Amino acid sequence: MAKENQTLPEFLLLGFSDLRALQGPLFWGVLLAYLAALLGNCLIILLTRASPTLHSPMYFFLHHLSLVELLYTTDVVPRTLADLAFPHPRAISFWGCAAQMYVFIVLGISECCLLTAMAYDRYAVICQPLHYSTLMNWRACVAMVGISWLMGIITATTHSSLIFTLPFPSHPVIPHFLCDILPVLRLASAGKHRSEVSVMMATVVFIMVPFSLIVTSYARILSAILAMASTLSRRKVFSTCSSHLLVVFLFFGTASITYIRPRAGSSVTMNRILSLFYTVITPMLNPIIYTLRNKEVTKALWHMVKRQVSSP
C-alpha cells in the first residue's frame with residue numbers, strides 16, 4: 001500500500017495510558033466481558049448448528065452474526081488487553097495497523113448487512129407468510145450471507161487502500177486503543193479531504209441505508225401487527241422481533257454516534273468509551289439478548305444441557 005522507497009512508520013497506540021489509575025479495573029472488566037462474549041457467541045454458534053429446531057433462516061443469520069461478533073471482538077480485544085497490562089503506550093507496525101483496520105471494517109460492514117437481512121426475514125415471515133418459503137429459501141439465505149461478507153471485503157479493501165497510501169508523520173500517535181478509521185485518517189498529512197469525503201459516503205451507504213431498510217421493514221411489520229384483532233397474537237408476533245430490534249439499536253446507535261456526529265463535537269475519551277461499547281460490550285450482550293428473550297433458543301439450550309447431563 002505504501003511506496004517501497006519510503007520507510008513505513010510505526011503507529012503509537014495511546015490506548016488508556018493517560019488513565020493509569022483505571023488501567024487495572026479496565027483490564028479485568030474488558031477481560032471478563034471478552035470471555036463472556038466468547039462463551040456466549042460460541043454457545044449460539046453451537047446451538048444453531050446442533051439443534052434441529054433452530055435450522056431456520058432467522059437462526060442461520062444469527063449463526064453468522066455470532067461468528068462475526070466473535071471475530072470482531074477478537075480482532076481488537078487481545079491487543080487491548082496486552083496494552084492495558086503495560087503502563088506505557090505500545091507501538092503497532094504499519095502493516096499490523098492496516099490489518100486490524102481491514103478486518104475491523106470487513107466485520108463491521110458484514111454485521112450491518114446481516115442485521116438488515118434478519119429484518120427482511122422478520123418482514124417476510126410476518127407480512128408475507130404465504131410466500132415465506134419462496135422468499136427465504138436456502139439459496140436466498142446463502143446469497144444474503146455471501147453478499148454481506150462481500151460488501152465488507154469490498155469496503156475494507158477500498159478504504160484501507162485509500163487510507164494507507166496517504167503520507168503519515170514519521171512518528172504517528174493514535175489517541176485510541178485500536179486502528180479505527182477516523183483516528184488513523186486524521187493523522188495523514190495530505191489528502192485528508194478526499195479520504196474523509198469517501199469515509200462519510202461509505203458511512204451513509206453502509207450505516208444509514210441498512211438502518212433505513214430495517215426501519216422500513218419494521219414499519220410494515222408494525223402495520224401488520226396493529227391490523228391483528230387478537231392482543232395475544234400481537235404480543236406473540238412482537239416478541240419474535242424484540243431481540244433483533246434491541247440488537248439493531250445497540251449496534252446502529254453506537255455506530256451512528258461514532259461515525260456520523262461532527263468532528264467538533266467529539267472527544268478522545270468519548271470516542272474510546274463508544275469504541276469499547278461496540279467492540280466489547282455489544283458482542284457480550286447480543287448472545288444474552290437472544291438467549292433470554294427468545295423462547296426457541298432458551299428451549300434448545302435447556303434441551304442440550306439435559307442431554308449432556310443425562311448422557312453416561
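Since we're looking at a predicted model, the values are computed, not measured.

Rules used throughout
Residues numbered from 1 in each chain as written. Predicted model: local features only at pLDDT ≥ 70, side-chain atom pairs only at ≥ 80, totals over all residues. Heavy atoms only, no water. Axes fitted to C-alpha atoms, helices over the stretch in contact; angles between N-to-C directions. Helix = DSSP H or I, 4+ residues; strand = E, 2+ residues; numbered from the N terminus. Parallel < 35°, antiparallel > 145°, perpendicular 65-115°, else oblique. Left-handed = near helix turned anticlockwise from the far one by under 90°. Nonpolar A, V, L, I, M, F, W, Y, C, P; charged D, E, K, R; others polar. UniProt positions renumbered as here; feature names shortened; annotations may be inferred. Core = buried A, V, L, I, M, F, W, Y, C linked by side-chain atoms within 4.5 Å. Buried < 20%, exposed > 50% of the residue type's maximum accessible area, 1.4 Å probe, protein only. Contact = heavy atoms within 4.5 Å. Disulfide = S-S within 2.5 Å. Pairing = 2+ DSSP bridges. Salt bridge = Lys/Arg side-chain N within 4 Å of Asp/Glu carboxyl O. Expected span 1.5 Å × (residues − 1). Polar contact = N/O pair within 3.5 Å; in protein donor to acceptor, adjacent residues only side chain to side chain.

Moving on, we come to the packing of helix 2 (residues 57–84) against helix 3 (residues 94–127). Packing of helix 2 against helix 3 leaves a shortest axis separation of 9 Å and a crossing angle of 160°. Taken together, helix 2 and helix 3 sit at an angle that is classed as roughly antiparallel. Between helix 2 and helix 3 lies a crossing of left-handed hand. Across the contact of helix 2 with helix 3, the residue classes tally to 16 nonpolar, four polar and six charged.

Look at the UniProt record and you will see "transmembrane region" (unreviewed entry) annotated at residues 26–47, 54–72, 92–120, 141–164, 197–216, 237–260 and 272–292. Between the end C-alpha atoms of residues 26–47 the distance is 31 Å, and the span holds 100% helix and 0% strand. Between the C-alpha atoms that bound residues 237–260 there is a distance of 33 Å. The span itself is 100% helix and 0% strand.

Let us look at the nonpolar core. Core analysis: the biggest nonpolar cluster contains 88 residues, and Phe11, Phe61, Leu115, Phe164, Phe168 and Val184 have the highest contact counts within it. For this core, the element with the most residues is helix 3, which contributes 19 residues. Apart from residues lying up to four places away in sequence, Phe11 is in contact with Arg90, Ala91, Ile92, Ser93, Phe94, Cys97, Phe164, Phe168, Pro172, Ile174 and Leu187.

Let us now look at the state of the cysteines. One pass over the full model with this rule turns up one disulfide. In this model Cys97 forms its disulfide with Cys179; the gap between the sulfur atoms is 2.2 Å. Its S-S torsion of about -125° marks the bond between Cys97 and Cys179 as left-handed, since a negative value means left-handed. With Cys97 in helix 3 and Cys179 in the loop between strand 3 (173–174) and helix 6 (181–185), the pair connects residues that are 82 residues apart, well separated along the chain. Neither Cys97 nor Cys179 differs from the other in exposure class; each is buried. With no disulfide of its own, Cys113 lies closest to Cys112 among cysteine sulfurs, the gap being 6.5 Å. On the basis of relative accessibility, which here comes to 17%, the residue Cys113 falls in the buried class. Take Cys127: it sits in no disulfide, and the sulfur closest to it among the cysteines is that of Cys241, at 8.8 Å.

Spatially, 2-1-3 is the arrangement adopted by the three strands of the open sheet, whose pairing is mixed. The open sheet has two edge strands with one neighbour each: strand 2 (90–92) and strand 3. Pairing of strand 1 (residues 11–13) with strand 3 involves two bridges; the strand directions are parallel. Residue pairing across strands places Leu12 opposite Val173, the latter belonging to strand 3. Strand contacts of helix 2: strand 1 and strand 2, with the helix running at about 150° to strand 2, the strand carrying the most contacts. Contacts between helix 3 and the sheet are confined to strand 1, strand 2 and strand 3, with strand 2 contributing the most and set at about 75° to the helix.

This next bit is on the pattern of salt bridges. If the charged atoms of two oppositely charged side chains come close together, the side chains can form a pair. Applying the stated criterion to the full structure yields three salt bridges. Arg79 is paired through a salt bridge with Asp83; the nearest N and O atoms lie 3.1 Å apart. With Arg79 and Asp83 both in helix 2 and four residues apart, this pair spans about one turn of that helix. The exposure class assigned to Arg79 is buried, which follows from its relative accessible area of 18%. Here Arg122 ties to Asp121 by a salt bridge, and the two come within 2.7 Å at their closest N and O atoms. Residue Arg122 shares its accessibility class with Asp121, and that shared class is buried. Look at the salt bridges and you will find they share partners, linking Arg79, Asp83 and Arg90 into a network.

The next thing to look at is helix 3. Here helix 3 spans 49 Å end to end across 34 residues, near enough to the 50 Å set by a 1.5 Å rise per residue. Counting buried positions along helix 3 gives 26 out of 34 residues, so the element sits mostly inside the fold.

With respect to the helices and strands, His176 occurs in the loop between strand 3 and helix 6. Under the relative-accessibility criterion, His176 is labelled buried at 3%. Within the structure, the side chain of His176 is placed 3.0 Å from the side chain of Ser275, a separation counted as a polar contact.

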